[in-house]
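Summary of the model geometry
These are the residues of each chain, in order.
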Amino acid sequence: MDKIDIVSSTAVLVPVDNIDTDQIIPARFLKTVSREGFGEKLFYDWKYNADGSPNPSDPLSGQKGVILVAGNNFGCGSSREHAAWALHDAGFKAVVSSSFADIFKNNALNNCLLPVRVTEDYLDRMTRVLKSAPDTVVTIDLGAQTISVPGAGEAKFEINGYKKECLMKGYSDIDYLLSDKEAIMAYERKHF
Amino acid sequence: MGKTLFDKIWEDHVVKHIPDGPDVLYIDRHLIHEVTSPQAFSALKEKGLKVFRPDRTFATCDHNVPTLGQDRPIEDESSRNAVDRLAENTAANGITYFPLGDPGNGIVHVVGPEQGIVLCGQTVVCGDSHTATHGAFGNIAFGIGTSEVEMVMATQCLLQSKPKQARIVVDGTLAGNVTPKDVILYIISQLGTDGCTGCFVEYSGEVFRNMSMEGRMTVCNMSIEMGAKGGIVAPDSKTFDYISGRRFAPAGDEFRRAVARWQDLKTDDDAVFDREYRFDAADIRPMVTYGTNPGMGVPADGVIPETAVGCDKATFDKALAYMGFRRGEPMAGKKVDYVFLGSCTNGRIEDFRAFAKAVAGRKKAPDVTVWLVPGSKEVESKIESEGLGDVLRAAGFEIRQPGCSACLAMNADKIPAGMYAVSTSNRNFEGRQGYGARTILAGPLVAAEAAVTGRIGMPV
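A few points on the structure.

Turning to the sheet that holds strand S4 (residues 114–117) of chain A, a few remarks are in order. All names here are of chain A. The strand order across the open sheet formed by seven strands is S4-S3-S2-S1-S5-S6-S7, and the pairing between neighbours is mixed. One side of each edge strand has no neighbouring strand; the edge strands of this open sheet are S4 and strand S7 (153–156). Put simply, the sheet's adjacent strands are angled 25 degrees from each other on average, direction ignored. Examined bridge by bridge, strand S1 (residues 6–14) and strand S2 (residues 67–70) share four bridges and lie parallel to one another.

What follows is the structure, given as structure tokens:
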């Protein structure tokens with residue numbers, strides 16, 4: 001797995017609440033059996049019209065950066081990990097919101113995509129800054145658990161201590177579980 | 001301090017606790033389907049591993065399957081490939097698989113309980129957010145991503161942090177035209193689409209006690225639509241009667257011993273929840289949604305409000321623009337182009353009984369396309385054995401074959417752009433039922449009314 005430490009970049013701002021995983025990656029793109037190539041399908045129905053022509057009112061157009069800043073309740077809906085794969089494949093390293101849907105959050109963490117949860121107040125402030133100055137560089141420091149945006153100040157964010165270590169060292173849950181097979185089999189002997 | 005039902009099941013499944021981290025949680029049942037499993041099987045193979053506990057793993061194909069002509073090969077190449085891959089992967093790992101056309105086939109969350117795979121007091125996971133359905137039997141059931149599917153395949157465990165807990169109590173008696181779907185749509189409209197994020201919800205009170213198992217499944221199914229990790233209802237004699245005699249359920253003395261254990265699956269009187277909500281059954285009426293998340297709901301004779309819980313103005317405006325609706329408009333009388341009865345939310349026999357009863361002796365509206373999609377082969381066969389098929393055909397309806405169908409339009413059952421569909425499914429997100437499709441979520445009775453009148457209206 002990749003590692004995360006400090007992420008510093010301009011941000012892609014999509015100030016819409018309740019962005020669901022059907023928006024992030026529409027279901028018709030889930031028929032493939034590999035993990036590859038979902039980046040180009042990211043927010044597909046926002047980017048393109050029904051006939052495949054670019055949508056001039058695509059909220060992402062013209063924005064660049066590896067940090068996505070979205071409205072409240074990001075990633076709600078379907079459990080499809082394809083949403084996290086698409087964001088990661090498109091180059092995103094972190095998503096900032098005032099709340100994340102549980103399954104999306106786990107999927108993101110399992111793909112080295114950092115969900116940064118800030119207060120609604122801080123999200124409002126950084127959204128205002130990014131709207132007026134789109135070139136602002138946002139810095140997320142996982143070690144210090146801080147996000148800073150010039151003009152909006154710095155905020156702390158929470159992350160599970162175990163998950164933080166995994167992200168910083170590139171460990172994955174499955175390696176941990178596989179190393180614990182003895183305990184798992186002991187549990188089975190006791191319970192079944 | 002007492003424990004909740006959730007606490008008891010969770011503690012019973014903790015293999016070990018990681019300091020300052022999650023618990024290693026043992027998983028009793030792993031349900032899989034063709035969309036979220038192939039990448040997990042591939043990753044397992046790359047590591048040189050096989051599925052650790054294939055006897056705890058069950059598979060069905062549902063998302064990609066056509067709902068007509070299931071006896072023929074699937075036309076769409078990528079859909080066919082996904083289904084074929086599931087057959088290969090399950091065979092290679094010794095997993096019970098219900099292929100297309102098999103009497104056990106159907107939507108994963110309909111099949112699990114129907115086949116007696118899902119019991120009580122268990123941990124149940126599936127790479128599908130509507131896994132919450134199985135909480136209806138007193139289980140900790142939740143959806144997971146594909147990396148987690150791989151973890152369960154490899155170790156029968158997940159690393160999970162214990163969520164917060166909420167209790168939703170609904171007391172009183174529901175009116176005759178109010179279905180379990182209306183109950184959950186009402187709750188979500190009150191709490192918002194992220195109202196229970198980070199929480200596991202126990203449903204309790206008179207309304208859920210009086211509800212059938214099918215109804216409890218409908219309610220638990222949509223827990224995820226208010227952000228909850230899952231929903232749970234304490235099991236009772238109705239639960240045990242439902243499980244009794246099913247194919248994979250314990251039988252004889254083993255069943256009796258299991259029931260004796262399951263009797264204890266309840267929340268202690270002095271248990272404390274992080275949050276508690278109370279509603280009155282008398283306030284709940286047949287519901288419809290008007291927007292693009294399941295929290296944007298009103299009674300079927302209500303008007304579109306000025307705003308919704310958990311929705312800022314820009315988001316609300318965007319939703320109404322997508323739907324082609326305006327604030328203050330009545331929902332009743334709105335024209336409907338499509339009606340979809342089915343999905344893991346409302347594709348069970350009870351839903352077909354309700355729909356058939358409501359349309360009996362009436363005729364399908366000529367300008368409405370109606371897709372009636374059973375949730376499983378077993379539901380399909382019951383529709384015929386109970387005589388509902390004759391009632392439905394006499395009213396001008398056709399019954400399709402089981403699958404997820406228009407709920408997420410991965411197969412050919414897509415609602416065309418701009419069209420209005422009254423759907424008994426679970427999500428009205430933009431594009432969910434097809435590019436540009438406009439979804440109005442409702443229960444089977446409102447769907448029946450729309451199917452015969454071509455309009456939104458109050459069921460009798």
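Tallied over the full model, the rule gives four cavities of 30 Å³ or more. If you go around the largest cavity, you meet 22 residues; those closest to its centre are B:His63, B:Asp128, B:His130, B:Leu408 and B:Arg432. Summarising the domain contributions, the lining of the largest cavity has at least three residues from each of domain 1 (5–160) and domain 3 (289–453) of chain B. Considering the residues around the second largest cavity, the lining is formed by 15 residues, among which A:Asp17, A:Asn18, A:Asp20, B:Thr292 and B:Glu430 are closest to the centre. In terms of residue count, the dominant contributor to the lining of the second largest cavity is helix H11 (residues 313–323) of chain B (three residues). Looking at the lining of the second largest cavity, its residues break down into six nonpolar, five polar and four charged.

Roughly 1,100 Å³ of volume is contained in the largest pocket. Among the elements of the structure, helix H4 (102–109) and S4 of chain A together with strand S8 (157–160) of chain B are those that each provide at least two residues to the lining of the largest pocket. With four residues, H4(A) is the single largest residue contributor to the lining of the largest pocket. Residue composition of the lining of the largest pocket, by class: nine nonpolar, 11 polar and 14 charged. In terms of domain composition, the lining of the largest pocket takes at least three residues from each of domain 1 (5–160) and domain 2 (164–235 + 264–283) of chain B.

This next bit is on helix H6 (residues 180–191) of chain B. Residues and elements named next belong to chain B. In this model H6 runs 17 Å from its N-terminal to its C-terminal C-alpha over 12 residues, within 8% of the 16 Å that 1.5 Å per residue would give. Counting buried residues along H6, 11 of its 12 residues qualify, which places the element largely inside the surrounding structure. Inspection of H6 places Pro180, Lys181, Asp182, Val183, Ile184, Leu185, Tyr186, Ile187, Ile188, Ser189 and Leu191 among the buried residues, and these make up the whole buried set. Phi turns positive, to about 90 degrees, at glycine 192, one or two residues after H6.

Contact residues are listed per partner, giving 67 residues for chain B and 55 residues for chain A. A combined buried area of about 4,900 Å² lies between chain B and chain A, and 56% of that area is made up of carbon and sulfur atoms. For the pair chain B and chain A, the number of links is five salt bridges. In this structure, the salt-bridge partner of B:Arg432 is A:Asp22, at a minimum N-O distance of 3.0 Å. Counting across the chain B and chain A interface gives 30 residue pairs in polar contact (both at pLDDT 80 or more). Where the side of chain B that touches chain A is concerned, the elements lending two or more residues are strand S1 (14–17), strand S2 (23–26), helix H2 (38–46), helix H3 (77–93), helix H5 (146–155), S8 and H11 of chain B. At seven residues, H5(B) tops the list of elements feeding residues into the side of chain B that touches chain A. Looking at the side of chain B that touches chain A, its residues break down into 24 nonpolar, 24 polar and 19 charged.

Reading guide: rules and limits
- Residues numbered from 1 in each chain as written.
- Chains lettered and ligands numbered in written order.
- Predicted model: local features only at pLDDT ≥ 70, side-chain atom pairs only at ≥ 80, totals over all residues.
- Heavy atoms only, no water.
- Pairing = 2+ DSSP bridges.
- Helix = DSSP H or I, 4+ residues; strand = E, 2+ residues; numbered from the N terminus.
- Axes fitted to C-alpha atoms, helices over the stretch in contact; angles between N-to-C directions.
- 1 Å grid on protein atoms, 1.4 Å probe; cavity = no way out; pocket = protein on both sides within 12 Å on 5 of 7 lines; lining within 4 Å.
- Points joined across faces, edges and corners; volume = space filled by probe spheres on them.
- Domains from an automatic or database assignment.
- Nonpolar A, V, L, I, M, F, W, Y, C, P; charged D, E, K, R; others polar.
- Expected span 1.5 Å × (residues − 1).
- Buried < 20%, exposed > 50% of the residue type's maximum accessible area, 1.4 Å probe, protein only.
- Contact = heavy atoms within 4.5 Å.
- Buried area = accessible area lost by both parts, 1.4 Å probe.
- Salt bridge = Lys/Arg side-chain N within 4 Å of Asp/Glu carboxyl O.
- Polar contact = N/O pair within 3.5 Å; in protein donor to acceptor, adjacent residues only side chain to side chain.

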